[in-house]
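Below, each chain spelled out in residue letters.
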Amino acid sequence: MKSRNVSAILLAAGKGVRFRSNLPKVMHNVLDKPMIYYPIRALINSGIDDIVLVLGSGKEIVKEFVVKEFGENRIRFVVQRVQAGTGDAVKIALPYIKNKRFLLLYGDMPLIDESVVKGILDNYSNSELVLTSFITDNRYGRVVRDKNSDLHKTVEEKDATPEEKKIKEVNAGLYLVNIDIARKYIKRLKNDNVQKEYYFPDIFSMAIKDGYSVKIYESEKESLLGANNRVELSILNKILQERINRKHMLSGVTIINPESVIIGVDVSIGQDTIIYPDVLISKRCKIGSNVIIERGVIISDSEISDGVHIKPYCHIEKAKVASGAILGPFARLRPDTIVDEGAHIGNFVELKKTYLGKGSKANHLTYLGDAEIGSGVNIGAGTITCNYDGTNKYKTVLSDGVFVGSDTQFVAPVSVGKNSYIGAGSTITEDVPAYSLSLSRVPQKNIPDWVRRKKKK
């Protein structure tokens, strides 16, 4: 993305008292990401590569997430130690801005995307002062226009007169500002208002009195909504859920009951995939074409290739599933698991840090951890790799074509050679050569009339 030569100040210092939480306001999730993720993503996708993030309450938690998600060098952090309003926050951030103009927006705008940011930048590429508005019947500071339809003034909800409260056009909290103008007026801000805070929008009134024109970019309400409590947060979740599901359906994905399906913002899904109700797909998942995902499946941070069939109530986390594989029902794939082409994972089978080769099958009641399993392997019901000795983890290797009988335990580290057979009920503690039969059963002993004697006694 080509740089816009525009900076951004993102305000994320608020505690969010009405959330009644120890977590900073911007760290509450909308779908599978904290609110702060979405405006940063929108800025970066719009070509803005100079971002200053103003932190306050819970600054360590917010910074840790942002650095992990976007890297150490992309965003700079400043701290507003006393919550004295948006004007004070901007004053703290201004010395760190690199470009002549900057966007100012809030960290609790999770519905914003690059179309909104690009809209204001494209429509007002030469403007020095721009305020974004939308139409609503709800609270927010009001926008009062002049005879030229430019901004006359803004007024906060708590400071508005009864007549001003009738205005339905409100200040969305997204601004494009020339840095020299901001520096000129920021030091003149006063806090003689109900909140006793320094309001950044007050600089517009001062600039207008000095002959500046403030343009208004009217946006869609839905894209710039914020949340001040958990009820409003649930509304944002619902809107984003509908938006994402609609996008996938229009791109060729069948979602049988969109109201019950939650798909993360960074998920990609191929054409002709079918998703049944009560499915959750989160984080950076890549789902291929012609995939069937049945009811109750949870997928996180995973890659599912074309033609995979995932039966009901499977749980897949940080795993890769190759084309044509069949999973479930009730299968669990834990991190670092790879299921290769055409493999089958059945009901109540759990894999952790395991490679399952092409065409291999583990269909019933099995745990495979820290294992490398070749192609064409058949794993019988009740098989367990005993990979942990209480201190260290060890690996089990089953080569191509191995047949494992039911109720087998592999005490790792152990390897089984190509095309070998393991007898049912065995505990394998030593390596098995290729083309061998290995079994470790205790000899069966039958005691005639034992039950009759027991009952008589």
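So, here is what we can say about the structure in this document. Model, not experiment: these values are computed from the prediction. (Residues numbered from 1 in each chain as written. Predicted model: local features only at pLDDT ≥ 70, side-chain atom pairs only at ≥ 80, totals over all residues. Heavy atoms only, no water.)

1. Structural notes on the pairing of strand β4 (residues 50-55)
For clarity, the threshold we go by: A simple rule labels every residue: compare its accessible area, found with a 1.4 Å probe on the protein chains alone, to the largest value its type can have, and call it buried under 20%, exposed over 50%, or partly exposed in between. Only DSSP runs of H or I covering at least 4 residues are called helices, and only runs of E covering at least 2 are called strands; the numbering of each starts at the N terminus. Two strands qualify as a pair provided DSSP detects at least 2 bridges between them. By convention, orient the strands away from the viewer: a clockwise path from the first strand over the helix to the second makes the crossover right-handed.
Within β4, six of the six residues are buried, which leaves the element mostly enclosed by the surrounding structure. Here strand β1 (residues 7-12) runs beside β4; their pairing, made up of six bridges, is parallel. Residue Ser-7 lies in a different strand from β4, and its bridge partner there is Asp-50. With five bridges joining them, β4 and strand β5 (residues 75-79) adopt parallel strand pairing. What sits directly across from Val-52, in β5, is Arg-76. In the classification by handedness, the crossover that spans β4, the intervening helix α2 (residues 59-70) and the parallel β5 is right-handed.

2. Here we look at the packing of aromatic side chains
Here is the rule we go by: We call Phe, Tyr and Trp rings a pair once their centres come within 6.5 Å, taking the six-membered ring for Trp, and we label the pair stacked below 30 degrees between planes, edge-to-face above 60, and tilted otherwise. Should the NZ of a Lys or the CZ of an Arg lie within 6 Å of a ring centre and within 35 degrees of the ring normal, that charge is described as sitting over the ring.
Summed over all chains, the structure comprises 10 aromatic pairs. Note on Tyr-175 and Phe-204: the rings are 5.4 Å apart at their centroids and 50° apart in plane angle, and the pair reads as tilted. In this pair, Tyr-175 sits in strand β10 (residues 169-178) while Phe-204 sits in helix α6 (residues 202-209), placing the two residues 29 residues apart along the sequence. Accessibility classification places Tyr-175 together with Phe-204 in one group, the buried group. In this arrangement the basic side chain of Lys-33 is found over the ring face of Tyr-37, its NZ or CZ atom lying 4.7 Å from the centre. Sitting over the ring of Tyr-388, Lys-393 keeps its end group 5.3 Å from the ring centre.

3. Some details on the pattern of salt bridges
Rules: Only one rule defines a salt bridge in this text: a Lys or Arg side-chain nitrogen within 4 Å of an Asp or Glu carboxyl oxygen.
A full pass over the atoms with the stated rule returns 22 salt bridges. Residue Glu-218 pairs with Arg-145 through a salt bridge whose shortest N-O separation is 3.8 Å. One end of the pair, Glu-218, is in strand β11 (residues 215-218); the other, Arg-145, is in strand β8 (residues 142-145), and 73 residues separate them in sequence. Relative accessible area serves as the criterion here: at 47%, Glu-218 is assigned to the partly exposed category.

4. Quick notes on a nonpolar patch on the surface
Condition: Within the patch definition used here, like charges are joined within 9 Å and nonpolar side chains (Val, Leu, Ile, Met, Phe, Trp, Tyr) within 5 Å, considering only residues with over 30% relative accessible area and no salt bridge. In this description, accessible areas are obtained by the Shrake-Rupley approach with a 1.4 Å probe, and a residue is regarded as covered only by the protein chains that are shown.
Together, Tyr-313, Phe-330, Phe-348 and Leu-365 line one region of the surface with nonpolar side chains, adding up to about 430 Å² of accessible area. In this structure, Phe-348 sits in strand β27 (residues 344-352).

5. Some thoughts on unusual backbone geometry
For the bond from Gly-328 to Pro-329, the omega torsion is 5°, close enough to zero to count as cis. The topology assignment puts Pro-329 in the loop between β24 (326-327) and β25 (332-333). Cis geometry is found at the peptide bond from Ala-412 to Pro-413, where omega equals 5°. Here Pro-413 shows up in the loop between β35 (409-411) and β36 (414-416). In the Ramachandran plot, Phe-348 falls in the positive-phi region, its phi being about 55° despite a non-glycine side chain.

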